[in-house]
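Each chain, letter by letter, is given below.
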Amino acid sequence: MTTLQLNAEIYRAMGVIADDEGLLSQALKYLKKLAAKKQDKTLMTKEEFYAKLNRAEKDLAEGKGKTFTNLDDMHAWLNAL
């Protein structure tokens, strides 16, 4: 479906619920939630999150992790990021 067709379908569906304030409110809430997702580039799916954790565990097992001997060294490293 093209963007134009999707827009037309959305407007048709909105026309069906146009006289129901409760349904319009729910639609608006969901649309705002979708818009926020698109704007936030840091969001990831559960699959992406767990894949990232698996890569980190693999890196640690291969000795690629970062270790610190004291808290000051860790804070210095974090502040340098």
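Above: the structure in question.
In this report, the structure presented in the accompanying data block is examined.

Conventions adopted
- Residues numbered from 1 in each chain as written.
- Predicted model: local features only at pLDDT ≥ 70, side-chain atom pairs only at ≥ 80, totals over all residues.
- Heavy atoms only, no water.
- Phe/Tyr/Trp six-rings, centres within 6.5 Å; stacked < 30°, edge-to-face > 60°.
- Buried < 20%, exposed > 50% of the residue type's maximum accessible area, 1.4 Å probe, protein only.
- Salt bridge = Lys/Arg side-chain N within 4 Å of Asp/Glu carboxyl O.
- Helix = DSSP H or I, 4+ residues; strand = E, 2+ residues; numbered from the N terminus.

**So, the packing of aromatic side chains**
For the structure on display, the rule yields two aromatic pairs. A centroid spacing of 5.3 Å and a plane angle of 70° characterise the contact between F49 and Y50, whose relative ring orientation is edge-to-face. According to the relative accessible area criterion, F49 is partly exposed, its value standing at 39%.

**So, the pattern of salt bridges**
Counted under the stated rule, the structure contains two salt bridges. Residue E9 is joined to R12 by a salt bridge in which the shortest nitrogen-to-oxygen separation is 3.0 Å. One end of the pair, E9, and the other, R12, are both in helix α1 (residues 3-17), three residues apart, so they sit about a helical turn from each other. The salt bridge partner of K64 is E62, with a shortest N-O separation of 3.1 Å. With a relative accessible area of 58%, K64 lands in the exposed category. E62 gets classed as partly exposed once you look at its relative accessible area, which sits at 43%.

**Thoughts on the environment of L53**
In this fold, L53 is placed in helix α3 (residues 46-61). With a relative accessible area of 38%, L53 lands in the partly exposed category. Once the C-alpha coordinates of L53 and T42 are considered, the two residues, 11 residues apart in sequence, prove to be 15 Å apart.

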